[in-house]
Amino acid sequence: MSTAFGKGHHLHLIDGSAFIFRAYHALPPLTRKSDGLPIGAVSGFCNMLQRYVETNTGDDAPTHVAVIFDKGSHTFRNEIYDQYKANRDEMPEDLRPQIPLTRRATEAFNIACKELEGYEADDIIATLAVQARELGGRCTIISSDKDLMQLVGDGVEMLDAMKNKRIDRDGVFEKFGVYPDRVVDVQALAGDSVDNVPGAPGIGIKTAALLINEYGDLDALLERAEEIKQPKRRQTLIDHAEQIRLSRKLVLLDENTPLEFTLDDLEVRTPDPDQLMPFLAEMEFRTLTKRIAEKLDVEPPEIDDTPASAPEAPEIEEVPFDRAGYSKVGTIDELQAWIDRIYERGYVAVDTETTGLNEMTADLVGISLSVEPGQACYIPLIHKKSSSDDLFGSDDLAEGQMPLDEALEMLKPVLEDPSILKIGQNMKYDLKIFARGGITVSPIDDTMLMSYAMHGGLHGHGMDQLAERYLGHTPIPIKPLLGSGKSAITFDKVPLDDAVPYAAEDADITLRLWQQFKPSLHRAQVTRVYETLERPMVPVLAQMERTGIKVDRDTLSRMSNAFSQSMAGLEAEIHELAGRSFNVGSPKQLGEILFDEMSLPGGKKGKTGAYATGADVLEDLATEHELPARVLDWRQISKLKSTYTDALQDHINAETGRVHTSYSIAGASTGRLASTDPNLQNIPVRTEEGRRIREAFVAEEGKTLVALDYSQIELRILAHIADIPALKEAFRRGDDIHAMTASEMFDVPMEEMTPEIRRRAKAINFGVIYGISGFGLARNLRIPRSEAQGFIDRYFERFPGIRAYMDDTKAFAKDHGYVQTLFGRRIHTPNIGAKGPHAGFAARAAINAPIQGTAADVIRRAMVRMPAAIERLPAKMLLQVHDELLFEVEQGAEDDLIAAARTVMEAACDPVVKLDVQLSVDAGQGENWAVAH
DNA sequence: GACATCACG
DNA sequence: GACGTACGTGATGTCC
């Protein structure tokens, strides 16, 4: 193309700053591996450019294109109004060095890159758009900035690239209530808090549009302001006429910026691999380099990302572990001396010793403190006289202890002081213990959660493990102090001579770990994860666990009795069918009956040589014989009885009449919570009989249980991460997602969908989330492996983004040793490079982790915000079940709660991540959990 | 304490 | 080309 820009030509103008900020906020803070240079925004920017290049081909492709950037912070607008954009936040520290790199990226993609000192990008865009229009061509502005909307019309359009939404004259009218030529008038009246444009106080876009439409334009309006009927509005306009005129000058774009190039200089050029490849390699973008190299059909360059020098571990003062630094605190004066030291320091490591592991029933026995490595104390409070003094044990307290109340009274102000940081290992435990004593510990840090944020997937995060690994020290074991089995004692029976070094050491270790971890969080780039997804969960979960949920013992007990009866009946029947009596609960004995004595078809399992008698095997055998079917029935009832109706009764707290689970925050590698003692995340729901267990989970008299759950959250996240347009579109329309998949895959119109076809598609959708394999799908659907593989191939063909996601994720895991969620949580994948069968496991886990982990992050964010959101409602959050939150609310306030909680849950990604797919939350309510779910 | 089994998302 | 396989959890009962 060599003719001058004119009719038939199409100019694209990309708002560079919008791309940069979007890239920066959408991505976790990545750094270049070799030297730690922050490049997250550059990476996102390049991805967006690449996506732009890929999608803008064909009939409507641009003939001319440029990316326009802002330059300098001082523009002519600051000359007329010194407060213009004065309330903008400073640019983030790690974004600043990336700005010049985005210019280089644009040039590397062989796209024109323009900026002009003293002018905003918007002015350059305005100038070029007007030129294009006057020369008879078209122009598309790729931005969603409302300040640019005044340019729309006569061949100029805007395109919101994120939402893939075109904005024409009608779109502008929708936004402003006027057509583009009057947009500046409306903006001048309404002002803009983001750019700090004053406007007229008390007048928003709605009112502004109303006035402009009535009077024609701004000048006429200001001239005839006296005629306005509403007295307040009239006065505002008369008083602020000058300010409004100034505002118009600020929002009016300069269409005559002195550019030193013409439209003809912006002609579209094809990418030049010799420019682009070296740049991408320099940035060390492995996956992107590979992907673009494939598109351009060139060899990807070698990427050298060996660190220039190994990152240095911080110098930690080496203080040997020595019991000499540990002391007992037994008097007011001794405790006061420690409190003084804490105030001097500003932080303290705290650990509590109790009579048990259950925070709801255990009693506080003593408290240990440390403010300096090697220096720690233990404050024993209710230790009993040693049993050697009194053979029969005694309730008399040991000598040399402070009264519990007195000690807590002295410590309460410290533990609640907002200026003193309390450091603990698994602080949720200590928080709950102190809360029962009326003390609200805050603010806190938690070494277990720091380790989880940094090392998730690498190893566990218990204190013994962390001490061993990061301090090279083996802590004093608890076993010899407490004993085990029947003769085990509680910590209050441990002699003080043993208790002091043990307890003090825990505080010492915690402090040392904290000193090492605190600065490392930043280097590992998980500060935001720790601060927003880990630490804030501690008080929220502590509160939920303390609240507990009411469980009706009679309901459970009645069910237990009924189960006993049917089990006895089934057992007799099974023995009859087997021809002899045996233990139905023993897979070993069952295997012998089925395969040796009855010679039913089935084989051994390699590892232990035992027959497999899992539900899937028995289901297959059920067609041959009645015995396996009866065993399946027996097992289902046995499970329900032993795990649920029996065990759950033992967990009802005598004081509260409620069941209090404990959530582990750092248990699951993906970021999910885990529930223990009892596990309330696996209460039956899938079968009718099982679901009845949930009838025992009830609301208090006068209250209602409300359940809210995310609909298809993992598939929605997949649609976003893997960028699957068909899936996104289906979610936008609110389609049956599995039916849509089936229709797409098997070429069946939606109207002719059968449950069987849909079932298959559903299995494939879930399979994808788990890192699909032909074998796994075949087993799940009970179809030949070749057929399953055919389905998968077809799926990849119809949704190519999925395969790209899977390949990219595996490659990323291999390169980095971890994968990450949209919110920056890192899940390490140490086995990803393994050879042999291990490799498949690690790869599938790596594919699943970002999806499951992002979903976990989302609900964590919702939970952290929930207490403030429902503060004014008579409601409490009780349980979390991965994608569901359960509340108890006073009758009458159900709808208010649902509205408030739903808002928080659906907006949980804001403002860090903008999903292409909406999150949707379903709600239910009732007197028990079976109804509410 | 390992293993098999099965409850949930 | 073969390995072996769906992802993430916790609780219970059997058996050694």
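Conventions adopted
Residues numbered from 1 in each chain as written. Chains lettered and ligands numbered in written order. Predicted model: local features only at pLDDT ≥ 70, side-chain atom pairs only at ≥ 80, totals over all residues. Heavy atoms only, no water. UniProt positions renumbered as here; feature names shortened; annotations may be inferred. Helix = DSSP H or I, 4+ residues; strand = E, 2+ residues; numbered from the N terminus. Buried < 20%, exposed > 50% of the residue type's maximum accessible area, 1.4 Å probe, protein only. Axes fitted to C-alpha atoms, helices over the stretch in contact; angles between N-to-C directions. Parallel < 35°, antiparallel > 145°, perpendicular 65-115°, else oblique. Contact = heavy atoms within 4.5 Å. Nonpolar A, V, L, I, M, F, W, Y, C, P; charged D, E, K, R; others polar. Arc of directions from axis to C-beta. Expected span 1.5 Å × (residues − 1). Bend = angle between axes of the 7 residues up to and from the residue. Core = buried A, V, L, I, M, F, W, Y, C linked by side-chain atoms within 4.5 Å. Near = heavy atom within 4 Å. Polar contact = N/O pair within 3.5 Å; in protein donor to acceptor, adjacent residues only side chain to side chain.

If you check an unreviewed UniProt entry, chain A appears there as DNA polymerase I from Roseobacter sinensis. According to UniProt, the comment filed for chain A under the heading Sequence similarities (unreviewed entry) is "Belongs to the DNA polymerase type-A family." Checking UniProt for chain A, the heading Subunit (unreviewed entry) contains the comment "Single-chain monomer with multiple functions."

S.K.: Break down unusual backbone geometry for me, citing the residues and quoting the values.
M.R.: Excluding glycine, residues mostly have negative phi values, and the peptide bonds linking residues are mostly trans. Residue Pro-443 is reached from Ser-442 by a cis peptide bond, and omega for that bond is -5°. Among the secondary structure elements, Pro-443 is positioned in the loop between α16 (427–436) and β12 (444–446). Of note, the bond from Asp-677 into Pro-678 is cis; its omega dihedral lies within 30 degrees of zero at -5°. Turning to its location among the elements, Pro-678 is positioned in the loop between β16 (674–676) and α27 (688–691). Phi at Asp-154 is positive, roughly 50°, even though this residue is not glycine. By the element assignment, Asp-154 lies in the loop between β4 (138–142) and β5 (156–160). Unlike most non-glycine residues, Glu-284 shows phi in positive territory, near 65°. Structurally, Glu-284 can be placed in the loop between α12 (273–283) and α13 (286–296). Using a relative accessible area of 13% as the deciding quantity, one classes Glu-284 as buried.

S.K.: Residues and numbers for the packing of helix α34 (residues 800–816) against helix α35 (residues 837–869), please.
M.R.: Two elements in contact, α34 and α35, have axes whose closest approach is 9 Å; the angle formed by their N-to-C orientations is 105°. As far as their axial angle goes, α35 and α34 are roughly perpendicular. On α35, the residues touching Tyr-805, Met-806, Thr-809, Lys-810 and Ala-813 of α34 are Ala-843, Ala-846, Ile-847, Pro-850 and Ile-851. Taken together, the residues that form the contact of α34 with α35 break down as eight nonpolar, one polar and one charged.

S.K.: Any chance you could break down helix α29 (residues 725–733) for me, citing the residues and the numbers?
M.R.: Leu-727, Lys-728, Ala-730 and Phe-731 are the residues of α29 that are buried. Taken end-on, α29 shows its buried residues confined to a sector of 160°, consistent with a single buried face. In α29, the exposed residues that point more than 90 degrees away from the buried face are Pro-725, Arg-732 and Arg-733. Turning to α29, the residues buried within the fold contact α28 (713–721) and α30 (737–746).

S.K.: An account of helix α15 (residues 404–416) is requested, with residue identities and associated values reported.
M.R.: Its 13 residues give α15 an end-to-end C-alpha distance of 18 Å, which sits within 8% of 18 Å, the value for a rise of 1.5 Å per residue. For α15, the principal kink sits at Met-410 and spans about 30°; a proline, Pro-413, occurs within the next four residues. Residues of α15 that are buried include every one of Ala-407, Leu-408, Met-410, Leu-411, Val-414 and Leu-415, and no others. On its buried side, α15 packs onto α14 (332–345), β8 (347–354), β9 (364–372), β10 (375–380), β11 (421–424) and α16.

S.K.: Tell me about the nonpolar core, and please be specific about residues and values.
M.R.: Core analysis: the biggest nonpolar cluster contains 171 residues, and Ile-367, Leu-369, Ile-379, Tyr-710 and Phe-887 have the highest contact counts within it. Leaving out residues up to four positions away in the same chain, Tyr-710 has contacts with Val-858, Ile-859, Ala-862, Asp-883, Met-905, Glu-906, Ala-908, Leu-919, Ser-920 and Val-921. Core analysis: the second largest hydrophobic core is formed by 52 residues, Ala-129, Val-156, Ala-225 and Leu-237 among them.

S.K.: Mind laying out the protein's contact with DNA strand C, listing which residues take part and the relevant values?
M.R.: Close to DNA strand C lie 33 residues, the nearest being Ser-586, Asp-677, Asn-679, Phe-775 and Arg-779. Atoms of DNA strand C within 4 Å of the protein belong to the sugar or the phosphate in 65% of instances, the rest to bases. Here a phosphate oxygen of DNA strand C and a side-chain polar atom of Arg-779 are 2.6 Å apart. A distance of 3.1 Å separates a base oxygen of DNA strand C from a polar side-chain atom of Arg-785. For the surface near DNA strand C, the element with the highest residue contribution is α35, accounting for five residues. Residue composition of the surface near DNA strand C, grouped by class: 10 nonpolar, 16 polar and seven charged.

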